[in-house]
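For reference, the chains in residue letters:
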Amino acid sequence: QDPFIAFHLDKTLVRKYMSPLLIGELAPDQPSFEPSKNKKLVEDFRELRATVEKMGLLNPNRAFFILYLCHILVLDVAAWLTIWYFGASTVPFLFSAVLLGTVQAQAGWLQHDFGHLSVFSKSRWNHWVHKFVIGHLKGAPASWWNHLHFQHHAKPNCFRKDPDVNMHPLFFALGKTLSVELGVQKKKFMPYNHQHKYFFIIGPPALVPLYFQWYIFYFVIQRKQWVDLAWMLTFYIRFFLTYLPLLGVKGILGLHLLVRFIESNWFVWITQMNHIPMHIDYDKNVDWFSTQLQATCNVHQSLFNDWFSGHLNFQIEHHLFPTMPRHNYWKVAPLVKSLCAKHGIEYQCKPLLTAFTDIVHSLKDSGELWLDAYLHK
């Protein structure tokens, strides 16, 4: 029930789709909760959810999102004007690339808002604008994002259920349990004891330009998502028409690759700082609240951190209330902390740079666990 409620705006529609799943009622003498789930915690979280709804924290301030979109569009125009006015020499070229990289990162955070249905009261309105933001402003398919991201939210850091940890075991050994398991099985797809080093090569700089860039086209063509493909093409057509007269073919390809490189570094460090250092394992079928808290952590609030991370510095609140507009995360955070304290659940919040270094430290630790198991067990 909790995941269904968390992901959807229209509760009546949710109940309609859940009704056919009812196969019977439990006998009066049967327990209504699975033994792996904390009944009191589930009840307390549902009470918190009701409080959040009464406080209006699920209601968006649309002016916030309009201004956010405007600042992205202004940066996009400024990038073009920089090269148009100052020419294509090294300094304006690099400055324009930084502006466009910022546009891509910030548009990524904005499409995330629409993808989670947190801007409009109607799901279809969010879906329409989502296609524009991710398709036209970023050149990526909404269907691809939806397919992967909601699996991640349902079972974060659960191996074989969260696609975000599919890098294990082909590229990285993640989590203590899984890393030891790999070592015991004598599996070595990569030298995992060095993964905290090669992460800097095949992680942040490479994910978007070397993987996402081609895979998104494979995805939409394989699944025949022609509307998404059309939206994606509008991005590339606009980019080439506006920059080709200024830079030529080689220049525009170089600019695009540099922008994707900047975006990739930004995206990977922000998205992984909340998850890789946390608990990664097989699904243990625990309650919704515990599932999210063991897989997520927060980063300290500041105007810069909020902007730089698209408010994903409040990853805990975002995972508990995916449809909540991001400008309200700070309001619900004290309530979530209180519930964690009541049930003895750790609520992790750390400085931004600490969150980044924790990624590397956790990769180093799991790599060493793998090596020890590989050599000695």
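Residues numbered from 1 in each chain as written. Predicted model: local features only at pLDDT ≥ 70, side-chain atom pairs only at ≥ 80, totals over all residues. Heavy atoms only, no water.

Chemist: Quick one: what's the story with unusual backbone geometry, residue by residue and with numbers?
Modeler: The peptide bond linking His168 to Pro169 adopts the cis configuration, its omega dihedral lying at 5°. Tracing the backbone shows Pro169 in the loop between α7 (142–154) and α8 (176–184). The backbone of Leu117 sits at a positive phi, close to 60°, despite the residue not being glycine. Relative to the helices and strands, Leu117 resides in the loop between α5 (90–115) and α6 (123–136). (Helix = DSSP H or I, 4+ residues; strand = E, 2+ residues; numbered from the N terminus.)

Chemist: Please provide a residue-by-residue account of the packing of aromatic side chains, values included.
Modeler: Evaluation of the coordinates by the stated rule reveals 39 aromatic pairs. Here the aromatic rings of Phe172 and Phe199 are separated by 6.0 Å at their centres, their planes lie at 65°, and the arrangement is edge-to-face. Of the two residues, Phe172 is situated in the loop between α7 and α8 and Phe199 in helix α9 (residues 195–202); the sequence distance between them amounts to 27 residues. For the residue pair Phe172 and Phe199, the accessibility class agrees, reading buried in each case. An aromatic cluster of three or more residues is present, and its members are Trp144, Tyr211, Phe212, Trp214, Tyr215, Tyr218, Phe219 and Phe267. Residue placement shows Lys186 over the ring face of Tyr374; its charged tip is 5.7 Å from the ring centre. The ring of Tyr68 has Arg326 lying over it, and the distance from NZ or CZ to the ring centre is 4.2 Å. (Phe/Tyr/Trp six-rings, centres within 6.5 Å; stacked < 30°, edge-to-face > 60°. Buried < 20%, exposed > 50% of the residue type's maximum accessible area, 1.4 Å probe, protein only. Lys NZ or Arg CZ within 6 Å of the ring centre and 35° of its normal.)

Chemist: Just give me the short version of the packing of α5 against helix α11 (residues 226–272), but keep the residues and values in it.
Modeler: Any two packed helices are characterised by how steeply their axes cross, that is the angle between the axes, and by the distance between the axes. Between α5 and α11, the shortest axis-to-axis distance is 7 Å and the interhelical angle comes to 55°. Classified by the interaxial angle, the pair formed by α5 and α11 is oblique. Between α5 and α11 lies a crossing of right-handed hand. Its residues assigned to classes, the contact of α5 with α11 shows 18 nonpolar, eight polar and two charged. (Axes fitted to C-alpha atoms, helices over the stretch in contact; angles between N-to-C directions. Parallel < 35°, antiparallel > 145°, perpendicular 65-115°, else oblique. Left-handed = near helix turned anticlockwise from the far one by under 90°. Nonpolar A, V, L, I, M, F, W, Y, C, P; charged D, E, K, R; others polar.)

Chemist: Describe the UniProt feature "domain: Fatty acid desaturase" (unreviewed entry) in the protein chain, and please don't skip the residues or the numbers.
Modeler: Per the UniProt record, "domain: Fatty acid desaturase" (unreviewed entry) is found at residues 92–349. Note that residues 92–349 is 64% helix and 1% strand, and that its end C-alpha atoms are spaced 38 Å apart. (UniProt positions renumbered as here; feature names shortened; annotations may be inferred.)

Chemist: Account for the packing of α6 against α11, naming residues and giving values.
Modeler: Contact geometry of α6 with α11 gives a least axis separation of 8 Å together with a crossing angle of 45°. Looking at the two axes, α6 sits oblique to α11. By crossing handedness, the relation of α6 to α11 is classed as right-handed. For the pair α6 and α11, the contacting residues are Lys131, Phe132, Gly135 and His136 in the first and Val227, Asp228, Trp231, Met232, Thr234, Phe235 and Arg238 in the second. Class assignment for the residues of the contact of α6 with α11 results in five nonpolar, three polar and three charged. (Contact = heavy atoms within 4.5 Å.)

Chemist: Any details on empty space enclosed by the protein? Residues and values, ideally.
Modeler: Taken as a whole, this structure holds two cavities of 30 Å³ or more when the rule is applied. In this structure, the largest cavity encloses a volume near 50 Å³. Lining the largest cavity are Pro156, Asn157, Cys158, His279, Asp281, Tyr282, Asp283, Lys284, Gln294 and Ala295. Counted as a void, the second largest cavity has a volume near 40 Å³. Around the second largest cavity, the lining residues are Asn157, Asp164, Val165, Met167, Leu174, Gln272, His275, Ile276 and Ile280. (1 Å grid on protein atoms, 1.4 Å probe; cavity = no way out; pocket = protein on both sides within 12 Å on 5 of 7 lines; lining within 4 Å. Points joined across faces, edges and corners; volume = space filled by probe spheres on them.)

Chemist: Break down the pattern of salt bridges for me, with residues and values.
Modeler: If you walk through the whole model with that rule in mind, you get 14 salt bridges. Between Lys131 and Asp228 there is a salt bridge, with the nearest N and O atoms lying 3.0 Å from each other. Of the two residues, Lys131 sits in helix α6 while Asp228 sits in helix α11, which places them 97 residues apart along the sequence. For Lys131, a relative accessible area of 25% translates into the label partly exposed. For Asp228, a relative accessible area of 2% puts it in the buried group. One salt bridge in this structure joins Asp283 and Lys161, with 2.8 Å as the shortest N-O distance. Placement of the pair is Asp283 in the loop between α11 and α12 (288–295) and Lys161 in the loop between α7 and α8, with a sequence separation of 122 residues. Through salt bridges with shared partners, a single ionic network connects Lys40, Asp44 and Lys342. (Salt bridge = Lys/Arg side-chain N within 4 Å of Asp/Glu carboxyl O.)

Chemist: Describe in detail the nonpolar core, supporting the description with residues and values.
Modeler: Ile270 and Met273 are the most contacted members of the largest nonpolar core, which has 39 residues in total. Ranked by residue count, the leading element in this core is helix α16 (residues 352–376), at seven residues. Discounting chain neighbours no more than four positions away, the residues touching Met273 are Cys297, Val299, Ser309, Leu312, Leu352, Ala355, Phe356 and Ile359. Phe45, Leu57, Trp288 and Ala333 belong to the second-largest nonpolar core, a separate cluster that totals 22 residues. (Core = buried A, V, L, I, M, F, W, Y, C linked by side-chain atoms within 4.5 Å.)

Chemist: Got a sec to walk through the UniProt feature "transmembrane region" (unreviewed entry) in the protein chain? Specific residues and values, please.
Modeler: The residues that UniProt annotates with the feature "transmembrane region" (unreviewed entry) are residues 64–87, 198–221 and 233–259. Measuring from the first to the last C-alpha atom of residues 64–87 gives 34 Å, for a span that is 96% helix and 0% strand. Across residues 233–259, the secondary structure splits into 100% helix and 0% strand, with the terminal C-alpha atoms separated by 17 Å.

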